[in-house]
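Close look at the chain arrangement
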Amino acid sequence: MKFEKKQVYYIVLAFVICYAIKAYWDTGTSLVATVIKASQPFLIGAGIAYIVNIVMSLYEMIFTRLIKNKYFLKVKRAVSMILAYLTFILLISWLFSIVLPDLIASINSLLKIDTSGIANFIKEVNDNKVVKDILAYFGTSSDVMTTLSDYSQQILNQVLSVLTSILTSVSTIASTLLNVFISLIFSIYVLASKEQLARQFNLLIDSYLGKYAKTVHYVLDILHQRFHSFFVGQTLEAMILGSLTAGGMLLLHLPYAATIGILVAFTALIPVVGAYIGLTIGFILIATQSVSQAIFFVIYLVVLQQFEGNLIYPRVVGGSIGLPGMWVLMAITIGAALWGILGMLVAVPLAASLYQIIKDSVAKRQENRLE
């Protein structure tokens, strides 16, 4: 076999690249990590722009239908953008004005709890022979107070570590605020010229990817459809569930109705497990007032979730995500393990996109086989 000069050059170049990667691996990874960290505000800004654009597009559509004057139509983009950002700002301010007072009230209730009754209860349990035998069977201390003290110490250490990290992060507040400011400014730039950016991006794909450009456009379209459908459908479903939760709690005279309704709505943005997170938080808040009411709240919300999951969710969200429940649960689990709450939100539309791509590929292969 005879090698040409071009092939020799390729082999030498491959060896040089492999050697450079091995020799400068630490420097390269450090450089990549620095670039990723510096790019975070812009990535967050792009994410903000994508979410705000959903509301902004709605305002633009309404503006176009209502306003026919061509001079007013020139300011459609600016007016719609301002209204979209104001919508989010007013919504967040309104939510905090409702949630914070109730959270402060629940903390005050916890501080006012008389611990003497709890101490007497623990003493009675500690003197119970059956409890001592059970604890001894599991190899723990037969003294309930000692066992509880050990667990309390572990919990206290965890809380102190969290508080320490929070206090330590105070020094980074200035940089955090700067990053938030950069993200917001970047999101405004993206929204102000979204058509131009989309056109430039598509031009780059068509110019450099050649025969693969069509496939990339197809994948990007699938991702956009799934993410848009997920955010819109899940938000509507969460708002309905939160409203029903707050309304039912008001009718049943349960405390913290508005706050728990908002918390349930926010946590319901996470499919499958989100509502149960809201249920747990709501139980703890109500239990500061009345344990019996907290238990009644759990029963009410479980019944409501069954009603909502079987009747409302299929009609509001339906098959917009296009991902079976089994894979939704798997995607949430993997996403939570990788990136926490953000991973739980992003994993579902990503998995739905992958599911749709594989489904289309299988259908195309089956069609070609039949031909």
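We now turn to the structure provided with this report. (Residues numbered from 1 in each chain as written. Predicted model: local features only at pLDDT ≥ 70, side-chain atom pairs only at ≥ 80, totals over all residues. Heavy atoms only, no water.)

Remarks on helix α9 (residues 194–208)
With 15 residues, α9 should reach 21 Å at 1.5 Å per residue; the first-to-last C-alpha distance of 21 Å fits that figure. Within two residues after α9, G210 carries a phi angle of roughly 55°, on the positive side. (Helix = DSSP H or I, 4+ residues; strand = E, 2+ residues; numbered from the N terminus. Expected span 1.5 Å × (residues − 1).)

Describing a nonpolar patch on the surface
Taken together, M326, W327, M330, I334, L338, W339 and L342 make up a surface patch of nonpolar side chains, about 790 Å² in accessible area. Examined against the element boundaries, M330 turns out to sit in helix α14 (residues 325–370). With relative accessibility at 43%, the residue M330 sits in the partly exposed group. (Patch = residues over 30% accessible without salt bridge, like charges linked within 9 Å, V, L, I, M, F, W, Y side chains within 5 Å. Areas by Shrake-Rupley, 256 points an atom, 1.4 Å probe, with all protein chains shown as cover. Salt bridge = Lys/Arg side-chain N within 4 Å of Asp/Glu carboxyl O. Buried < 20%, exposed > 50% of the residue type's maximum accessible area, 1.4 Å probe, protein only.)

Regarding the environment of P271
Within the secondary structure layout, P271 lies in the loop between α11 (257–267) and α12 (274–287). P271 gets classed as buried once you look at its relative accessible area, which sits at 4%. With 41 residues separating them in the primary sequence, P271 and F230 have C-alpha atoms 9.8 Å apart. The residues touching P271, leaving out its near neighbours within four places in the chain, are F230, Q234, V328, I332 and V348. (Contact = heavy atoms within 4.5 Å.)

Observations concerning the pattern of salt bridges
Going through the model one piece at a time under the given rule, you end up with three salt bridges. For R77, the salt bridge goes to E60, with nearest N and O atoms at 2.6 Å. Of this pair, R77 sits in helix α4 (residues 76–111) while E60 is found in helix α2 (residues 25–66), placing the two residues 17 residues apart along the sequence. Each of the two residues, R77 as well as E60, counts as buried.

What about the packing of α9 against helix α10 (residues 213–251)?
One way to put it is that α9 packs onto α10 with a least axis distance of 8 Å and a crossing angle of 145°. As for the relative orientation of α9 and α10, their crossing is right-handed in sense. Across from F201, N202, I205 and D206 in α9, the residues of α10 making contact are A213, V216, H217 and L220. Its residues assigned to classes, the contact of α9 with α10 shows five nonpolar, two polar and one charged. (Axes fitted to C-alpha atoms, helices over the stretch in contact; angles between N-to-C directions. Left-handed = near helix turned anticlockwise from the far one by under 90°. Nonpolar A, V, L, I, M, F, W, Y, C, P; charged D, E, K, R; others polar.)

Side note on α12
Its 14 residues place the ends of α12 20 Å apart at the C-alpha level, agreeing with the 20 Å of an ideal helix rising 1.5 Å per residue. Of the positions making up α12, those classed as buried are G274, A275, G278, L279, G282, L285 and I286. Summarising the axial view, the buried residues of α12 lie within an arc of 135°, below the 170-degree limit, and thus occupy one face. (Arc of directions from axis to C-beta.)

Structural notes on unusual backbone geometry
The backbone phi angle of H253 is positive, close to 60°, even though this residue is not glycine. Tracing the chain through its elements places H253 in the loop between α10 and α11. Non-glycine residue Y256 carries a positive phi angle of around 60°. Inspection of the secondary structure puts Y256 in the loop between α10 and α11. Y256 sits in the buried class, given a relative accessible area of 11%.

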